[in-house]
Every structure is written in C-alpha cells, then in structure tokens.
Amino acid sequence: QVQVVESGGGLVQPGGSLRLSCAASGSASGTNFSIYPWGWYRQAPGKQRDLVAQIAASSSTNYADSVKGRFTISRDNAKNTVYLQMNSLKPEDTAVYYCNRLSPRVSWGQGTQVTVAS
C-alpha cells in the first residue's frame, strides 16, 4: 500500500510563489517510486479534480495550458518525492492540490490548500 502526503500550501498574494511537496511511502515493492509517472492535480470548490502537471519516469514533463510557463514539476527518486514549483500565482490557481501516480493510481492523500488572494 502506497500513501502520499502533500505539503507546502498556504496563502499567497497574486504574483507570489509556493513550492509543494508530495512524499510517497509504503513497502519498497509497493512504492517503486522511480518507475512510475506522477502528477499534480487540483480541485477548486464546486469543480472537478484536474491534472495540471505530470512527470514521467524519464523526468519528461507536461503541463495544462493554464499553468504552462508558471509551474514546474520535478521529482527526487531518492526521496520518493515529487515537487511543484508554482510561480506568478493567480487567484484562479486557488484550489486543493493533490498528487498521485498517473497509472495505476494510489489512494488520494489529504491534499494541501493553496489560496491566492490579496
């Protein structure tokens, strides 16, 4: 069983930055962190959960158009951790942010709240 814990959210002014972390844990056989693609998702109130950034095992990346050029996803396989660097934040980035394996998914964590407001 793999568990994920997201952290790093908070309240930030428009134009500010935050760095989110996602730590995966579990048995070595169940985690195998480095061989899977991982992603960051976000869910705003009343909206569906959307994938905003993904990183392959090769570390190639892909982004939703809404965050392209502002967000950067990265991974540290030695630490079983995925990061999301968020710059030039906008009020519309306000959401709960979650991470998960792209396929097969693991249980969702509690997420981390990001609020962009002045």
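Residues numbered from 1 in each chain as written. Predicted model: local features only at pLDDT ≥ 70, side-chain atom pairs only at ≥ 80, totals over all residues. Heavy atoms only, no water.

## So, the packing of aromatic side chains
Our working definition: In summary, the pairing rule links any two rings of Phe, Tyr or Trp, Trp by its six-membered ring, whose centres are within 6.5 Å, and it sorts them by plane angle into stacked for under 30 degrees, edge-to-face for over 60 and tilted for everything else. We count a stretch as a helix when DSSP gives it H or I for four or more residues in a row; a strand needs E for two or more, and each element gets its number in order from the N terminus. Whether a residue is buried, partly exposed or exposed follows from its accessible area with a 1.4 Å probe, protein chains only, as a fraction of its type maximum: under 20%, in between, or over 50%, in that order. For a Lys NZ or an Arg CZ to count as sitting over a ring, it must be within 6 Å of the ring centre and within 35 degrees of the ring normal.
Here the structure, examined in full by the defined rule, presents three aromatic pairs. With 5.0 Å between their ring centres and 85° between their planes, Tyr41 and Trp108 make a pair best called edge-to-face. Pair noted here: Tyr41 is in strand E4 (residues 38–43) and Trp108 is in the loop between strand E9 (95–101) and strand E10 (112–116), with a separation of 67 residues, a long-range link. Exposure remark for Tyr41: the relative accessible area of 4% places this residue in the buried category. Its relative accessible area of 32% is what places Trp108 among the partly exposed residues. Here the guanidinium or amino end of Arg49 rests over the ring plane of Trp108, the centre of that ring lying 4.3 Å away. In this structure, Arg101 packs its charged tip against the face of Tyr36, placed 4.0 Å from the ring centre.

## Structural notes on the state of the cysteines
Selection rule: Put simply, a disulfide is two cysteine sulfurs that come within 2.5 Å.
Summed over all chains, the structure comprises one disulfide. Across the disulfide, Cys22 is cross-linked to Cys99 (sulfur-sulfur distance 1.7 Å). Its torsion about the S-S bond being 55°, the disulfide of Cys22 and Cys99 is classed as right-handed. Remark: Cys99 occurs in strand E9 and Cys22 occurs in strand E3 (residues 18–26); sequence separation between them is 77 residues. Residues Cys22 and Cys99 agree in their burial class; the two are buried.

## Some thoughts on the layout of surface pockets
Which entries qualify depends on this criterion: Using a grid of 1 Å spacing that covers the protein atoms alone, one calls a set of points a cavity when a 1.4 Å probe fits there but cannot get out, and a pocket when the set is open and has protein on both sides within 12 Å along at least five of seven lines; lining residues are those with an atom within 4 Å of a point. Grid points are joined across faces, edges and corners, and a volume is the space filled by probe spheres set on the points. Classification used: nonpolar for Ala, Val, Leu, Ile, Met, Phe, Trp, Tyr, Cys and Pro, charged for Asp, Glu, Lys and Arg, polar for all others including Gly.
The volume enclosed by the largest pocket comes to roughly 180 Å³. As for the largest pocket, its lining consists of 13 residues, and the residues nearest its centre are Arg42, Ala44, Lys47, Asp50 and Glu92. Those elements that provide at least two residues to the lining of the largest pocket are E4 and strand E5 (50–55). Residue contributions to the lining of the largest pocket peak at three residues, all from E5. For the lining of the largest pocket, the class distribution of residues is five nonpolar, four polar and four charged.

## Description of the pattern of salt bridges
Where side chains of opposite charge bring their charged atoms close, a pairing between them can arise. Note the cut-off: Put simply, a salt bridge is a Lys or Arg side-chain nitrogen that is within 4 Å of an Asp or Glu carboxyl oxygen.
Going through the model one piece at a time under the given rule, you end up with three salt bridges. In this structure, Asp93 engages Arg42 in a salt bridge whose closest nitrogen and oxygen atoms are separated by 2.9 Å. With Asp93 in the loop between strand E8 (81–86) and E9 and Arg42 in strand E4, this pair connects stretches of sequence that are 51 residues apart. A relative accessible area of 14% means that Arg42 is categorised as buried.

Take it as geometry only, folks, not as evidence of what the structure does.
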